[in-house]
Amino acid sequence: MLSDLNLYAGRRVLVTGHTGFKGAWLCEWLLGLGADVHGWALPPLRPSLFETLGLEKRLRHEILDITDAARVQARMAELKPEFVFHLAAQALVRLSYREPVRTFTTNALGTAHVLEAVRAGNFPCSIVVVTTDKCYENDSAAYGSAAHGSNSRHFKENDPLGGHDPYSASKAAAELVVAGYRDSFFSHGTEVALASARAGNVIGGGDWAEDRLVPDCIRALSVGRLVPVRNPDFTRPWQHVLEPLGGYLLLGVKLKEARRQKSAEEIAHIAQAFNFGPDPESNRSVRDLVEEVLCHWPGKWEQAHQEKHLKEAPLLSLAIDKARATLGWQPRWDFAETVAQTVAWYREYFEQGKKTDATSMVDFTQKQIEAYSRDPSS
């Protein structure tokens, strides 16, 4: 199904949040597909994958804050993209406790600004809004006793939304914004098709965010320190960043194809929420992930202090049946391959990526995209 992504060649594509980890990977993939890529985001934090890949000079880069409604609307009217991938967000759970208002403003109101700009611009468009697996009302007691396996509960797209922390609640609110705009403005014609995407816990090379497990591992291992681990028994649906990005790109293609058929019924079939997660056996504990990383980059880990007032769900898993059946999407890399590819990127970075010429890391990143995109049956 990934062969369908050639549709993006020559198309005008807007990626919000393109200076972030997932946004940079998505832009690199789109550039490889021949898309005309435009990016709106805040300046990248350092170090950043965006800068490592030299993306500022390779796409149409613009510093733009999505909380600035007037500017978003003005620029959207000028650009009139054929595809919008809305990734711009405050994406850190622990930061959301320190800056809850900023988190809600960016994640919920910022999403409304982007969608309102498309509505006001009145141009044909396919939109994928990226939220998170943490948008669900998560009562961990509803899970079975197994960390992963037949007794575990997997959240489905029609399960209740919620959130016990500002980040999760803000992403649930963003989903409600999407549903409200879709039902109120984008469901009666065939010009705009709007869907949302909920991904699992994403890992991959080039993530340097604070308080995130793999970046914490790499920062410690690269200087010979013990890896700090806060919640070793928590279980998450770990997946390589290319897995959900492939899903987002495929979803964008399906939205475009539905619009091309000029069928409101077909658009309604695709313009929905979709989970993109790993197969159940990749739902592993934090301890499992850290120890798998250490198989590729030897070191040791230690239990780190966890603030008691910060509430995170100990168990989380996604049902991906809908994406399989409706989009023909499915995960390609298992847990071991996901970790191996992730650590390989960082090891290459520390060996080659700090040189002034970014070409080596661009080539390595493109090779990982090519390896993922290759037909597994070939």
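For the structure, check the block above.
Note that the structure is predicted; figures quoted are calculated from it, not measured. All residue numbers here refer to positions counted from 1 along the written sequence of the relevant chain. Selection of residues for local features in this predicted model requires a pLDDT of at least 70, selection of side-chain atom pairs for listing and counting requires 80 or more, and totals for whole chains, interfaces and linings are taken over all residues. Each side-chain value is derived from all of the structure's non-hydrogen atoms; neither hydrogens nor water enter the calculation.

A. The overall build of the protein chain, seen in detail. When its secondary structure is counted, the protein chain shows 13 helices and 12 strands. Only the C-alpha atoms count toward the radius of gyration. The rule for a globule is 2.2 Å times the residue count to the power 0.38. Relative to the 2.2 N^0.38 estimate, which gives 21 Å for 378 residues, the radius of gyration of the protein chain is 20 Å and therefore close to what a compact globule would have. Once the C-alpha set of the protein chain is aligned to its principal axes, its extents read approximately 55 × 50 × 45 Å. Looking at the protein chain as a whole, 55% of its 378 residues qualify as buried. For the protein chain, restricting intrachain contacts to residue pairs at least 6 apart in sequence, the fraction spanning at least 24 positions comes to 81%. Where accessible areas are quoted, they stem from the Shrake-Rupley method and a 1.4 Å probe; at the residue level, only the protein chains shown are allowed to cover. Of the accessible surface of the protein chain, which amounts to about 15600 Å², a share of 50% is contributed by carbon and sulfur atoms. In this tally, Asp and Glu contribute negative charge and Lys and Arg positive charge; neither His nor the terminal groups of the chain are included. We put the charge of a Lys on NZ, of an Arg on CZ, of an Asp on CG and of a Glu on CD. Positive and negative side-chain charges in the protein chain, numbering 43 and 47 respectively, have mean positions lying 2 Å apart. Here a helix means four or more residues in a row that DSSP labels H or I, a strand means two or more in a row labelled E, and each is numbered from the N terminus. Each residue is assigned to one of three classes by its accessible area relative to the maximum for its type, calculated with a 1.4 Å probe on protein chains only: buried under 20%, partly exposed between the two thresholds, exposed over 50%. Here, residues are in contact when the closest pair of their heavy atoms is within 4.5 Å.

B. Representation of the packing of helix H7 (residues 213-221) against helix H10 (residues 286-296) in the model. Angular values range over 0 to 180 degrees, each being the angle between N-to-C directions of two axes fitted as lines to C-alpha atoms, with helices fitted over their stretch in contact. Their axes nearest at 11 Å, the elements H7 and H10 cross at an angle of 40°. In terms of crossing hand, the pair formed by H7 and H10 is right-handed. Together, Leu 213, Val 214, Cys 217 and Leu 221 of H7 and Val 286, Leu 289, Val 290, Val 293 and Leu 294 of H10 make up the contact between the two elements. Polar here means any residue outside two lists: the nonpolar Ala, Val, Leu, Ile, Met, Phe, Trp, Tyr, Cys and Pro, and the charged Asp, Glu, Lys and Arg; Gly therefore counts as polar. Here the residues of the contact of H7 with H10 are counted per class, giving nine nonpolar, no polar and no charged. Crossing handedness is read from the near helix: turned anticlockwise from the far helix by less than a right angle, it gives a left-handed crossing, and turned clockwise, a right-handed one.

C. Fine view of the sheet that holds strand E11 (residues 283-285). Between any two strands, at least two bridges found by DSSP are needed for them to pair. Here three strands make up an open sheet; going across it, the order is E7-E9-E11 and the pairing mixed. Of all the strands in the sheet, the pair left with one neighbour each is strand E7 (201-203) and E11. Each strand axis lies, on average, 50° off the axis of its neighbour in the sheet, ignoring direction. In terms of strand pairing, strand E9 (residues 235-240) meets E11 through three bridges, oriented antiparallel. Its bridge partner being in E11, Thr 235 is matched across the sheet by Ser 285.

D. Main features of the side chain of Thr 103. Topologically, Thr 103 is positioned in helix H5 (residues 100-121). Once residues within four sequence positions are removed from consideration, Thr 103 is found in contact with Gln 90, Ser 96, Ala 108, Pro 166, Tyr 167 and Ser 170.

E. Structural view of the pairing of strand E10 (residues 273-276). The alternating pattern of E10 places Ala 273 and Asn 275 and Phe 274 and Phe 276 on opposite faces, both of which are buried. As paired elements, strand E6 (residues 192-199) and E10 share four bridges and run parallel to each other. Note that in E10 the partner of Arg 198 across the bridge is Asn 275.

F. Fine view of the side chain of Gln 239. With respect to the helices and strands, Gln 239 occurs in strand E9. Classification of Gln 239 as buried rests on a relative accessible area of 2%.

G. Here's a closer look at the packing of aromatic side chains. A pair of Phe, Tyr and Trp rings is counted when the ring centres sit within 6.5 Å of each other, with Trp represented by its six-membered ring. The angle between the planes then sorts it: under 30 degrees is stacked, over 60 is edge-to-face, the rest tilted. Overall, the coordinates contain 16 aromatic pairs when judged by the stated rule. On the basis of an interplanar angle of 75° and a centroid distance of 5.9 Å, the ring pair of Tyr 248 and Phe 276 is categorised as edge-to-face. Placement of the pair is Tyr 248 in helix H8 (residues 242-260) and Phe 276 in strand E10, with a sequence separation of 28 residues. Residue classification places Tyr 248 among the buried positions, given a relative accessible area of 0%.

H. Quick peek at the nonpolar core. Joining through side-chain atoms within 4.5 Å is the link that ties buried Ala, Val, Leu, Ile, Met, Phe, Trp, Tyr and Cys residues into a set, and such a set is a nonpolar core. In this structure, Tyr 8 and Phe 85 are the most contacted members of the largest nonpolar core, which totals 79 residues. Considering each element in turn, this core owes the most residues, nine residues, to H8.

I. Main features of the sheet that holds strand E5 (residues 125-130). A sheet is described by the order of its strands in space; here seven strands give the open sequence E3-E2-E1-E4-E5-E6-E10, paired in parallel fashion. Two strands bound the open sheet, and with one partner strand each, they are strand E3 (60-63) and E10. Across this sheet, the average inter-strand angle for adjacent strands is 20°, counted without regard to direction. Examined bridge by bridge, strand E1 (residues 12-16) and strand E4 (residues 83-86) share four bridges and lie parallel to one another. Looking at E4, one finds that Leu 14 is bridged to Val 84. Running over the sheet, helix H3 (residues 69-79) touches E1, strand E2 (36-41) and E3 and is turned about 175° from E2.

J. Seen up close, the pattern of salt bridges. Put simply, a salt bridge is a Lys or Arg side-chain nitrogen that is within 4 Å of an Asp or Glu carboxyl oxygen. Applying the stated criterion across every chain yields a total of 19 salt bridges. Across the pair Arg 94 and Asp 211 runs a salt bridge whose closest N-O atoms are separated by 3.0 Å. Linking Arg 94 in helix H4 (residues 93-98) with Asp 211 in the loop between E7 and H7, this pair joins segments that are 117 residues apart in sequence. Relative accessible area serves as the criterion here: at 26%, Asp 211 is assigned to the partly exposed category. One network of salt bridges, in which partners are shared, links Glu 62, Arg 71, Arg 75 and Glu 78.

K. Structural detail: the packing of H3 against H5. One can describe the packing of H3 onto H5 by two numbers: an axis separation of 9 Å at closest approach and a directional angle of 40°. In terms of orientation, H3 and H5 fall into the oblique class. The two elements H3 and H5 cross, and the hand of that crossing is right-handed. For the pair formed by H3 and H5, the contact residues are Ala 69, Val 72, Gln 73 and Met 76 on the first element and His 113, Val 114, Glu 116, Ala 117, Val 118 and Ala 120 on the second. Note on angle classes: values under 35 degrees are labelled roughly parallel, values over 145 roughly antiparallel, values of 65 to 115 roughly perpendicular, and the remainder oblique.

L. Structural context of the environment of Trp 345. Examined against the element boundaries, Trp 345 turns out to sit in helix H12 (residues 335-353). C-alpha of Trp 345 to C-alpha of Ile 66: the two residues are 279 residues apart in sequence and 31 Å apart in space. For Trp 345, the residues in contact, after removing those within four places along its chain, are Trp 25, Leu 49, Thr 52, Gly 205, Gly 206, Met 361, Phe 364, Thr 365 and Gln 368.

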